[in-house]
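So the chains spell out like this:
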Amino acid sequence: MIKFRLSCLIIFISQITFAQTMVFGYLKGLDDKPLNRATISLGEDRMLHTESDQVGYFQFKDVSAGTYLIIVNKSGYIPTTFTFVVSSNELKKDLGEIKLEYSPSQMNAGIITLTDDELSTDEGSSLGQTGIGLLQSSKDVFSNTAAFELGAYWFKVRGIDNRYNNIMFNGIPMAKNQTGRPEFKNWGGLNNVIRSPYELAENNTVSDYSFSDLGGTTYYDTRASNYRKGLNLSYSFGNRTYQHRVMATYSTGMLSSGWAFTFSGSRRWMDEGVIDGTYNDSYAYFASIEKKLSDKHRINFTAFGTPSRKAGSSPNTQEVYDLRGKNYNSYWGWQDGDKRNERVKRIFEPIFMLTHYWNINNKTKLTTTASYQFGYNKSSRLNRYQAENPSPTYYKNLPSYWLAKGNASESSALINSWLNNDLSVTQINWESLYNANRSAPFYLDPYSNQEGRRASYFLVDDVTKDKTFNAATHLQTQFTDNWKFYVNVNYQNLVSDNYREVNDLLGADFVLNKTSFLKGDGSANSIDDYNILKPGSVARKGDKTEYNYKFYRQELTTNFSTRININRWQVSTSLLVGWNESYREGKYMHGLYANNSYGKSEKENFIEVGLRSGITYKINGRNFIIVNTSYFESSPALNDIFPNARLNNDISPNITKQKINANDITYTLRSPSVKGRLTGYYTKIKDATEVSRYYAQGVGLDGGNDAFISEVLTGIEKDFLGTEFGIEWNITSTLVLSGIASIGQYTYKNNPNLYVFSDLSSSIKDYGKSYLKDYKLAGTPQKGYSLGLKYNSPKYWWVGVSGNFLQDNYTNVSGLSRTMNFILSDVNDPGSVYPGVTEESIRKLLKQKQYQDVFMLNANIGKSFRLGKYSMGISASVNNILNERGYVTNSFEQGRNANYEDMVSQPYFANSKLFYDRGRSYFFNVYLRF
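Residues numbered from 1 in each chain as written. Predicted model: local features only at pLDDT ≥ 70, side-chain atom pairs only at ≥ 80, totals over all residues. Heavy atoms only, no water.

Participant: Can you explain the overall build of the chain? Please cite residues and give values.
Facilitator: The secondary structure content of the chain amounts to 10 helices and 50 strands. Against the globule reference of 30 Å for 930 residues, the chain gives a C-alpha radius of gyration of 30 Å, in line with a compact fold. Across its three principal axes, the chain shows a C-alpha extent of roughly 115 × 55 × 55 Å. For the chain, the residues scored as buried account for 56% of the 930 residues in total. Long-range pairs, those at least 24 residues apart, make up 71% of the contacts in the chain between residues at least 6 apart in sequence. (Helix = DSSP H or I, 4+ residues; strand = E, 2+ residues; numbered from the N terminus. Rg over C-alpha atoms; globule rule 2.2 N^0.38 Å. Buried < 20%, exposed > 50% of the residue type's maximum accessible area, 1.4 Å probe, protein only. Contact = heavy atoms within 4.5 Å.)

In structure tokens, the structure reads:
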């Protein structure tokens, strides 16, 4: 009996000693009513989940001692997070009542009420691509309003291009090596599964998962158990980049078997958009499968892809818009009763990821991901060989050309044809292209010994096929309750095939692999041959033509970050060390570049370093001062290193890393009724490189004056200076007033060097300085303001209205037009100034175009319903209610005029090409959640 009692005592003492804690609490919402069916996640890795019951009660059993983060999500309420400590001697931890802040607009969280323009622009376009704003909201009033209000009109926060946005899935960066930009289309239509970033480190703040960039870091964790359990169905109708969208998402949550599954799919489509001749047909799929191996180990497999097909729209001069209106698109024409667009972009680049989550102990976790992405990115366009330009907006097809030539009758006739919409003039005449090919000369293919008609006009695809392997690991540990440390290591290896492929021969038999811009001598090594390894060869449908090369790049980056909390202070620091190597391998030996096109180029290596720090001082529980500063280096993208990669291995002269210095100071107020912040910022970018490709006249090259060129600006300095202000005032419990102001000044700060690579000469032309200093940077309004009022009804509906004002929008200036070549007939002779050149005439010709300020009125309304244990919501928004069509979303000077004489004698080239906003837009959405 004594032994038995002693055993019981030992067991009892052991249970007390090793007992784990039960954590529980109660959720309250509007009018202090209990909140049921809210999702509560425990820990930064969100590995433990539960739901509140009818009285708002929730609990977690067997919680070990330590510091924990708790995350509460409930439809209709702003997500809430906080930390708490479990002591080793606690059997129960009562978190008390947790009150969530009511916001009925959150009923539609994850069903973006804006359209997916962000996912629809071309990767290199400055047409929008405002960054990550349209994909998720921020708790910060300024960032949230700038994204959802001003961002709808291509406004860029702090003037920063999306090249500087760092978007990551499970630690894998999504930027493309060719451009340095994220390809948003790779996850377009997956709104349901990317609505809530695991981390959103905005602007210049320190990130836990990467060194970040100027545009911040958005990190998505696609673990299957992260997603809300149940089925989500939605349908959307709009008039922007698609007319219809259907989405379905189903998640099992963590099953008792240790498995979790999440699947999502969508389709977005339209037969024709606001802009004539455009269409969209896009699909998306997502699958995430998680297995809990033990309390410490989990693995997750993720796969997603977005096969899409989208027809493009053309930039036009103001002359063309005046003749045909702002919905005009020169890229299409009628063929057999259907509208056929020459510019069609097709993308399918699926990605597969395997992630391992390891909870080493309560304070240390290791997350490792390996991924592989492949597929294609194809863009079609019309091409020609020894034939006239078929574009309706080619300068010789416009009235201004003939008017400048003194032919008033021809100009008048063209004006009538354009105004009366003579389709043989105003749109691509596909039948005439087929007819031209039917009458094209015959040619004997020397390799097949077959004779056929060679194409004068044909459709080609510019193809990129990337194969990208990534491996990333993230270690986080907590040395003490107030000191955290993070390590991120990422390796990437890219092999990229790039070539032009024959899409449609338009009735011909094949196309010659020769350029019509150069005249060869007919020899086996003729300079007009794209590939003298197979001189005189032809290409049929599906064959490669013109260019064929590979890019290789590998990169290794390491990032260390730490966060320390001491009394009223929080200090965050991040360190970057990186290395990358790039080279090109040509598969064709071009006749003009016989010694510099075939085989492997020199390898370009760059080592990057960076340091970023953030300091937050807590004046009290409502007032904070935040200072962020950073200096880091950023390697050039592949297209910047190899400016004429389609034809040769040339490397941009003086290519180097960008040096970026970013600083900001912020005052933040967080009171029960008022939230706001005031920020001042200054960013400098040095040693940037920019590459542009276009056809230019009067360039003074060795082989002639007119050529298709690659313009390379090196050593560029840019300044971004400005102030941000945002305020949100809860006038009553249901009425909210919000407003922001962004006042910026973005300028070139030096005169960079300009070089030209051409398809006419094998030499690199040095044009000296391009006098860009003090010109404004383009691509975004430099000032933006928004004022909104929203009513949130206790009956679960809301209505809001906002006014937005945009100022200081400029055209993108041509670098070549601002070199000495512009005023000199011979750049080597300072005295060869064109007649009529004066300081006043130059200022007049080269004055940067500033577009009109605009006011945009938006409104939105929504209602949510409870259908038993299910929920339903509807919402609608209208942007640009007043149908303002004068807003220019993007514009650029035509680089075709390279000298003063041409610009004076051919003024039609002086007109910028531009895009206008598409006017009033609407978006309606309905969802069901089971």
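Participant: Before we move on, could you go through the pairing of strand S20 (residues 338-341) and cite the residues and values that matter?
Facilitator: The sheet contact formed by strand S19 (residues 332-335) and S20 spans four bridges and is antiparallel. Along S20, the bridge assignment pairs glutamine 335 with aspartate 338. (Pairing = 2+ DSSP bridges.)

Participant: Before we move on, could you go through the side chain of lysine 176 and cite the residues and values that matter?
Facilitator: Tracing the chain through its elements places lysine 176 in the loop between strand S9 (172-173) and strand S10 (199-202). Residue classification places lysine 176 among the buried residues on the basis of a relative accessible area of 9%. Engagement of the side chain of lysine 176 in a polar contact is seen with the side chain of glutamate 349, the distance being 3.2 Å. The residues touching lysine 176, leaving out its near neighbours within four places in the chain, are Arg181, Glu183, Asn186, Glu349, Gln373 and Asp466. (Polar contact = N/O pair within 3.5 Å; in protein donor to acceptor, adjacent residues only side chain to side chain.)

Participant: Tell me about the sheet that holds strand S4 (residues 57-63), and please be specific about residues and values.
Facilitator: Read across the sheet, three strands follow the order S4-S1-S7 without closing on themselves; strand pairing throughout is mixed. Taken across any chain shown, the strands that pair with only one partner, and hence form the sheet edges, are S4 and strand S7 (92-99). Neighbouring strand axes in the sheet, compared pairwise and without regard to direction, differ in orientation by 15° on average. Sheet analysis places strand S1 (residues 21-28) next to S7, joined by six bridges and oriented parallel. By the bridge assignment, phenylalanine 24 is partnered in S7 with aspartate 94. (Axes fitted to C-alpha atoms, helices over the stretch in contact; angles between N-to-C directions.)

Participant: Give a detailed account of unusual backbone geometry, specifying residues and quantitative values.
Facilitator: For aspartate 336, which is not glycine, the phi dihedral falls at a positive 55°. The residue aspartate 336 is located in the loop between S19 and S20 in this model. Classification of aspartate 336 by relative accessible area gives exposed; the value is 74%. Despite not being glycine, asparagine 567 shows a phi value in the positive range, around 55°.

Participant: How would you explain the confidence of the model for the chain if you had to name every residue and give the values?
Facilitator: Confidence in the prediction of the chain, expressed as mean pLDDT, is 88, and 91% of residues score 70 or more. Scored below 50 in pLDDT, residues 104-137 shows 136 contacts in the model against residues more than four places distant or in partner chains. (pLDDT = per-residue confidence, 0-100.)

Participant: Account for the environment of alanine 508, with residues named and values stated.
Facilitator: By the secondary structure assignment, alanine 508 is in the loop between strand S28 (483-504) and strand S29 (511-512). Along the backbone, alanine 508 and phenylalanine 458 are 50 residues apart, and their C-alpha atoms lie at a distance of 8.2 Å. Beyond its immediate chain neighbours, meaning those up to four positions away, alanine 508 contacts Asn437, Arg453, Arg454 and Ala455.

Participant: Tell me about the pattern of salt bridges, and name the residues and values.
Facilitator: Taken as a whole, this structure holds 41 salt bridges when the rule is applied. Across the salt bridge formed by lysine 28 and glutamate 97, the nearest N and O atoms sit 3.0 Å from each other. Here the residue lysine 28 occupies a position in strand S1, and glutamate 97 occupies one in strand S7, the gap between them amounting to 69 residues. Glutamate 290 is the partner of arginine 298 in a salt bridge, and the nearest nitrogen-oxygen pair spans 3.1 Å. Given the relative accessible area of 3%, arginine 298 is considered buried. Classification of glutamate 290 as buried rests on a relative accessible area of 0%. Three or more residues are tied together by salt bridges with common partners; here these are Asp140, Arg158, Asp664, Arg677 and Glu724. (Salt bridge = Lys/Arg side-chain N within 4 Å of Asp/Glu carboxyl O.)

Participant: I'd like a description of the nonpolar core, backed by residues and values.
Facilitator: One recurring pattern in soluble globular proteins: nonpolar side chains tend to sit buried together. In this structure, Leu214, Ile685, Ile709 and Leu816 are the most contacted members of the largest nonpolar core, which totals 42 residues. Put simply, the parts of the chain that give this core at least two residues each are strand S36 (658-670), strand S37 (674-696), strand S38 (707-730), strand S39 (735-748), strand S40 (753-758) and helix H10 (900-905). Apart from residues lying up to four places away in sequence, isoleucine 685 is in contact with Tyr164, Leu214, Gln658, Lys659, Ile660, Ile716, Glu717, Lys718 and Phe720. (Core = buried A, V, L, I, M, F, W, Y, C linked by side-chain atoms within 4.5 Å.)

Participant: Describe a nonpolar patch on the surface, listing the residues and the values that go with them.
Facilitator: Together, Tyr285, Leu293, Ile299, Phe301, Phe352, Leu354, Tyr372, Phe374 and Phe469 give the surface a local cluster of nonpolar side chains, amounting to about 760 Å² of exposed area. Those elements that place two or more of their residues in the nonpolar patch are strand S16 (297-305) and strand S22 (351-359). By relative accessible area, phenylalanine 352 is classed as partly exposed at 31%. (Patch = residues over 30% accessible without salt bridge, like charges linked within 9 Å, V, L, I, M, F, W, Y side chains within 5 Å. Areas by Shrake-Rupley, 256 points an atom, 1.4 Å probe, with all protein chains shown as cover.)

Participant: Just give me the short version of the sheet that holds strand S18 (residues 316-317), but keep the residues and values in it.
Facilitator: The pairing of strands in a sheet happens through backbone hydrogen bonds and is either parallel or antiparallel. On the basis of which strands lie adjacent, the open sheet formed by three strands has the order S18-S49-S48 and antiparallel pairing. Because the sheet does not close on itself, it has two edges, and the strands there are S18 and strand S48 (888-892). The pairing of S18 with strand S49 (residues 913-916) spans two bridges and is classified as antiparallel. By the bridge assignment for S49, asparagine 316 is matched with leucine 914.

Participant: Quick rundown of a positive patch on the surface? Include the residues and the values.
Facilitator: Taken together, the side chains of Arg37, Arg228, Arg866 and Lys869 define a basic patch exposed on the protein surface. Checked against the element boundaries, arginine 228 lands in the loop between strand S11 (216-220) and strand S12 (230-238). For arginine 228, a relative accessible area of 30% translates into the label partly exposed. (Lys, Arg positive; Asp, Glu negative; His and termini not counted. Charge placed at Lys NZ, Arg CZ, Asp CG, Glu CD.)

Participant: A description of the environment of asparagine 751 should follow, citing residues and the corresponding values.
Facilitator: Tracing the backbone shows asparagine 751 in the loop between S39 and S40. Overall, asparagine 751 belongs to the partly exposed group, its relative accessible area being 22%. In the structure, asparagine 751 is positioned 22 residues away from lysine 773 in sequence and 5.4 Å away in space, judged by C-alpha atoms. Contact partners of asparagine 751, with chain neighbours within four places excluded, come to Lys769, Ser770, Tyr771, Leu772 and Lys773.

Participant: Mind laying out the packing of aromatic side chains, listing which residues take part and the relevant values?
Facilitator: Per the stated rule, a full pass over the model turns up 42 aromatic pairs. Summarising the aromatic geometry, the rings of tyrosine 26 and tyrosine 57 are spaced 5.3 Å apart at their centres and angled 55° between planes, so their arrangement reads as tilted. Here tyrosine 26, found in strand S1, pairs with tyrosine 57, found in strand S4; they are 31 residues apart in sequence, far enough to count as distant. The exposure class assigned to tyrosine 26 is partly exposed, which follows from its relative accessible area of 34%. (Phe/Tyr/Trp six-rings, centres within 6.5 Å; stacked < 30°, edge-to-face > 60°.)

Participant: Kindly report on helix H2 (residues 141-148), identifying the contributing residues and their values.
Facilitator: In terms of burial, H2 is largely enclosed, as six of its eight residues are buried. Along H2, the residues classified as buried are Val141, Phe142, Ser143, Thr145, Ala146 and Ala147. Where H2 begins, the capping side chain belongs to aspartate 140, and its oxygen is found 3.2 Å from the backbone nitrogen of phenylalanine 142.

Participant: Let's hear about helix H7 (residues 430-438): which residues, and what values?
Facilitator: Where H7 is concerned, the buried positions are Trp430, Leu433, Tyr434 and Asn437. Taken around the axis of H7, the buried residues stretch over an arc of 100°, which confines them to a single face. Against S19, S20, strand S24 (376-384), strand S26 (451-453), strand S27 (457-480) and S28 lie the buried residues of H7. (Arc of directions from axis to C-beta.)

Participant: I'd like a description of the environment of valine 756, backed by residues and values.
Facilitator: Looking at where valine 756 falls in the secondary structure, it is placed in strand S40. On the basis of relative accessible area, valine 756 is assigned to the buried category, the value being 0%.

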